[in-house]
Amino acid sequence: MNTAPTPTTAANTPTTASKPLKLVATSQTLPHGHLDYVLDMAFDYYGRRFATASGDRTVRVWDLNGDGLWMGSELGGGGAGAGTPSTSGASGGGSTTNEWQAHRGAVHRISWAHPEFGQLLATAGADHAVVIWEEREGGFKSLATPERNEQGFLDTNAHTSVGGGSGDATSRWVNKATLSDARRAVTTVEFAPRHLGLRLASGSADGVVRIYEALDTMNLNHWKLDGVIEAEVEEGGGGSSALDGGNEGGRGDNERNSGLDGNVSSNENMGVSSLSWCTGRFEPPTLVTGFSSGRVSIYRYDDGQRSWLEYIRLPSHATASGVPRGVLDVAWAPNVGRSYHLIASCGKDNQLKVHRVKRGRGNKGDAEGASSSSLVYEGTEVLDRTQAWRIQWNVTGTVLASSGDGGVVKLWKSDFQGRWKCVSEIVGDSTGMAGGAQ
């Protein structure tokens, strides 16, 4: 008798005064316009912009318009999407996309800072550098970034505004600082959480993680090298690996060398391959790093020693016979009230893993330990045995997305018993349009 009013009431509920979100489509095809592979992409804090990094040395920033469509500049007949006119400055409309040459080599990774610090991007390049970019209003001229010619190639004889396109654009991206301490290619970069201030961590093929901090958030031209984690020795450098945690250096060398064979690709032996910050507000500065040797390690900053220490070494990525394989990506899940942390990792061993680390009280036995938290490894679950290249958590840390070269994005979620299951799959067809979820 009382079951009918529930759907009826929901159906007759009057709309609120706020404007509902306009959903025009479930998917949109975006010709990226790059002349090489897209190596990375990242959404900003609000999810209304994203940036792409490519092997053609350029970066592009895309904006979501009022109709819920992603807009991009038009290059070589491409557009913002199927049936969507481009509104970039290069094609005569209002500029919604900026494009510029960010490095002298391939751009491996890209990261957005928290909007509290402005519209900032950090890019990691094969030219051994991390570059900090800031969006500025108004156009200006720069001799650093040439525009593209009719064939789509960068024209080194013509000078234009940073960001590409014509002078009609309303904003440009400015090179604020170039951090070139790495001895080899920089493979990964990520800004720290907001509560840690304007910091970033970068990892490079020389096996070193470097932490930088802006000296003045109002003057982004000056950054100091705030910490160094010499996690793995650079190939051919000799000696043993230096672990700040005090472990034996030979252990790191043996792990690294055992994963090499006679014919190794450049991506197989690239030192630090990925990293991710812990976003917990009540945790000391902590990050997880993945290495080409297959090692996955948690590092934490120790105030007493004023250095970064290896805190926990998680299960590595290796074949069934124990041969180490490189880590492709790591992701630390946002913590929303949980008593434990979740860390995801994927590697060339075709395994997607979720590691569980328990939070606890300090265990140092002193006043500092009483107020600090400790981390205790609890276990690891293998979610999938097909190769995943990139992984990412949602904002609450409850859903994990994984993607590989098979054109499938999988969404993973834990049930009430703690078992992880694939709850949805998004499959791309031959034209790149995403299919329906299952």
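Residues numbered from 1 in each chain as written. Predicted model: local features only at pLDDT ≥ 70, side-chain atom pairs only at ≥ 80, totals over all residues. Heavy atoms only, no water.

### Thoughts on unusual backbone geometry
Thought 1: One non-glycine residue with positive phi stands out, namely Arg306, at about 55 degrees.
Thought 2: With respect to the helices, strands and loops of the structure, Arg306 is situated in the loop between β18 (296–302) and β19 (307–314).
Thought 3: Among the residues examined, Arg306 registers a relative accessible area of 69% and is labelled exposed. (Helix = DSSP H or I, 4+ residues; strand = E, 2+ residues; numbered from the N terminus. Buried < 20%, exposed > 50% of the residue type's maximum accessible area, 1.4 Å probe, protein only.)

### Describing the side chain of Ser273
Thought 1: Topologically, Ser273 is positioned in strand β16 (residues 272–277).
Thought 2: Residue classification places Ser273 among the buried positions, given a relative accessible area of 3%.
Thought 3: Within the local environment of Ser273, its side chain forms a polar contact with the backbone oxygen of Val327, the two atoms lying 2.6 Å apart.
Thought 4: Apart from residues no more than four positions distant in its own chain, Ser273 is found in contact with Arg109, Thr187, Thr188, Gly290, Phe291, Ser292, Val327 and Leu328. (Polar contact = N/O pair within 3.5 Å; in protein donor to acceptor, adjacent residues only side chain to side chain. Contact = heavy atoms within 4.5 Å.)

### Some remarks on the confidence of the model for the protein chain
Thought 1: For the protein chain, the average pLDDT comes to 76, and 67% of its residues sit at 70 or higher.
Thought 2: pLDDT under 50 marks residues 1–18. Its contacts with residues more than four places away, or in other chains, come to zero contacts.
Thought 3: Overall, residues 20–25 carries pLDDT values under 50, and its contacts beyond four positions in sequence, including any with other chains, amount to four contacts. (pLDDT = per-residue confidence, 0-100.)

### A word on the sheet that holds strand β11 (residues 171–179)
Thought 1: Spatially, the four strands line up as an open sheet ordered β6-β7-β8-β11, and their pairing is antiparallel. Every interior strand has two partners, whereas the edge strands, β6 (107–112) and β11, have only one. Adjacent strand axes in the sheet meet at a mean angle of 25 degrees when their direction is disregarded.
Thought 2: Pairing of β6 with strand β7 (residues 120–125), which is carried by five bridges, proceeds in the antiparallel orientation. The partner of Ser111 across the bridge, within β7, is Ala122. (Pairing = 2+ DSSP bridges. Axes fitted to C-alpha atoms, helices over the stretch in contact; angles between N-to-C directions.)

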